[in-house]
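Remarks on the overall topology
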Amino acid sequence: MRIQWLMRRVAVLGWLLPLSASAQVDTKDYRRADRKLPESPQRFAFELRMGPYRPRIDEEFKGKTPFADTFGSGQGFHLGAELDWQVVRIPYVGSLGPGFSWAYTSRSAKAKISGSQVESAEETKLTIMPMSLVGVLRVDVLTRELGVPLVPYGKAGLGLGLWSVSTEKGVVTRDGVQGRGRSWGTHLALGGMLHLDFLEPDTALAFDDEMGVNNTYLFFEWMWSDLGSSSMIEKRPQMRVGTSGWVLGLALEF
Amino acid sequence: MPRWSTCLAAVVAAHLLAPGEVRAQSIELNPANVRRSNGFRDPSLNPTWISRADCLGDDKFIFPLVLNGFPVGYSLQVWVGESGAQCEDINNRTGNTVKCWKVVDFTPTSTNTPEIIIPVRDIIARKIGSTISTGSESDCENSSFSLNDTPQPLDLYFLPIQGNTTGTGKIYSTKVDLLGPAAPTGVKIGIGENLLVLEWNQVSSGDITGYQFFCDPPPGSSSTGEIRSTDDPSPFEEDCVEEGRGGASGSTGKGNGGDTSGLSDGSGEAGQAGQGGQGGDEGEGEQGGEVGSGGAGFGGSGGSGVSSGDGRTNCAPAQGSSCPSVNLIGGKILKNPEKYLCGSASGLSATKGSVSNLTNFQRYTVAIAAVDGVGNVGPLSPLVCETPQPIDDFYKVYRDAGGRAGGGYCQVNLTELPRGGSLPLLGVLASLGALALRSRWRCR
């Protein structure tokens, strides 16, 4: 048994040498292998996400910047959530499965009086709900086998953004066209999760025993979404409501 | 006759003939069965209370009673007293310390289930004394209850009474509130497309449930303000002619309009309220504020000193007022608020609202009034006015730049099948689905 365990460890070390070499810490207190009680089944991951969000609407136009002209140069903010189903556990690698994310962001500003640069008292608002259906690979072997509290991960899949433009009177209609629509695109993300259980190992164990939450993470992600930039799925004109940028959040595996 | 039977007869006779206490009688009154002749208003507006509209509409309480063993020779009287008045005590109904007033004196005859109808005006009239208090429309404005904008608790005592003898009765409690909340201050108005945006300072006192907006002309009307109908010589509770207080239109203030930087930076200063002028003048005011003259943004409200002075024969707007309106006057209570109602905002803490369905390039005069817990509309705020204009919302700017997206979430126009770059993504998802199914199959 001891030999097998050593071989496993060597194999993992060889596979992930660069990461493990820089992250050797004594973490025996929180490692799964050192748990006194059996771990509860782990099937899902849930993320609460937030970060800046500035849609790439102006990239559609040459020399014109309708988004910046209306809403200015601020970054904006988005809030979202994601639920992953960890269908497959790949030995010595991590979990793999589909995930669905939903987020919300909106920008508002005083609309200008037509034909002038004078602001009116009426607000114009752009609301975007970016969603994605992605495959998620979370490489948690570092944590599970080596005690390194880091879980790198990647996501790739299909994105959909629902957007609408409204004023005080509701969704606007211009030239008989309703000011809302959908934008399809690709969604990619790369990130790393910091395993928080080592901060309070006993609490983490109790959280698992009582609530079934196996792991808690703080994560940082770089996200790229080209919603509306591609006509591969839909040929209808689409607003480029995608963005790229960092996302910060909290994740639970249960 | 045996002694016991003599004793029994004496007890029975005493019981039957005793004048001081009404025997085994009861008045049944179920508050849930009480009706109003004009119907109940919205449950959120204390429908069992008495409002100014109830009084002006000559509303009546209808009390279905059930009388059991009501003694012969007694009358059923209804007395009203402020909370804790204890009208069952004769000293509170007559004498020097009288606190209660009578609104019904009824002698039950053939029915044990009478319906007692009490006009709310009789309750409000508050004519203390032995005669029945009867009210009229003027009591809606001039009773002692018209001076306080907080609800006053009242108890209605249904009592069997014969001479100085009072039987056990029933009490029905209600409240009366005839005065709406004070007018909002700090009213500002801003331009929108077919819309005007209003902001005001929260009214801190009173039982406010919301605010109502009044427009002249009302939305959908192309009139320019001179829309008073002949059957409505004055749209206000108090006719301007009867106004005894001096007060020419006065200077309606500087009212610097928003500058070109717009709403957030260019809020115009509210105009100073007009100062009362010398009585007897025609109420000519000085030059009114040029509200919003700098372009858009919130203009300051015009002064409220447009109320009439002595000698005015009607409520014609004062000369020079920046927001002329014969139908809306700051500080006045509208008689028929529904006629000019053009919007509302609910909640005590509301400080912003909008009026929609307006016509662009039509100038509107607008005022705000607070509404209390029974629907009483308070006096109008100082008038503000502005002209709706088309705006460039983001979608218009986007389309003007050449953007063509839009049309709704559910417009079906998918191309055949995803191709090119999306295929790998869909492949990943399909593989994950297959893995999931395989995993579940293995679990079985």
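You'll find the structure just up there.
Note that the structure is predicted; figures quoted are calculated from it, not measured.

**Some remarks on the overall build of chain A**
If you tally the helices and strands in chain A, you get five helices and twelve strands. Here the analysis covers contacts within chain A between residues at least 6 apart in sequence; of these, 71% occur between residues at least 24 apart. For chain A, the accessible area works out to roughly 11800 Å², and carbon and sulfur atoms hold 63% of it.

**Side note on the sheet that holds strand β16 (residues 352-355) of chain B**
Residue and element names in this part refer to chain B. Spatially, three strands are ordered β12-β13-β16 in an open sheet, and the strand pairing comes out antiparallel. Whereas interior strands pair on both sides, the edge strands pair on one side only; in this sheet they are β12 (185-192) and β16. Between one strand and the next, the sheet's axes are offset by a mean angle of 25°, whatever the strand orientation. Relative to strand β13 (residues 195-201), β12 runs antiparallel, the two sharing six bridges. Within β13, the position partnered with Ile189 by the bridge is Leu198.

**Points about the sheet that holds strand β14 (residues 208-216) of chain B**
Residues and elements named next belong to chain B. Sheet architecture is open: four strands sit in the order β15-β14-β17-β18, paired in antiparallel fashion. Lying at the two open borders of the sheet, with one neighbouring strand each, are β15 (341-346) and β18 (384-386). Taken pair by pair, the neighbouring strands of this sheet meet at an average axis angle of 30°, ignoring direction. Strand direction decides the pairing type here: β14 and β15, joined by five bridges, are antiparallel. In the strand pairing of β15, Phe213 is matched with Gly343.

**With respect to the state of the cysteines**
All names here are of chain B. Following the criterion strictly, the structure yields four disulfides over all chains and no others. Cys87 shares a disulfide with Cys100; S-S distance 2.0 Å. Handedness here is read from the sign of the S-S torsion; for Cys87 and Cys100, about -95°, the answer is left-handed. Placement of Cys87 in the loop between β5 (75-82) and β6 (101-106) and of Cys100 in the loop between β5 and β6 is noted, with a sequence separation of 13 residues between them. In this pair, the class of Cys87 matches that of Cys100, namely buried.

Cut-offs applied
- Residues numbered from 1 in each chain as written.
- Chains lettered and ligands numbered in written order.
- Predicted model: local features only at pLDDT ≥ 70, side-chain atom pairs only at ≥ 80, totals over all residues.
- Heavy atoms only, no water.
- Helix = DSSP H or I, 4+ residues; strand = E, 2+ residues; numbered from the N terminus.
- Contact = heavy atoms within 4.5 Å.
- Areas by Shrake-Rupley, 256 points an atom, 1.4 Å probe, with all protein chains shown as cover.
- Pairing = 2+ DSSP bridges.
- Axes fitted to C-alpha atoms, helices over the stretch in contact; angles between N-to-C directions.
- Disulfide = S-S within 2.5 Å.
- Buried < 20%, exposed > 50% of the residue type's maximum accessible area, 1.4 Å probe, protein only.

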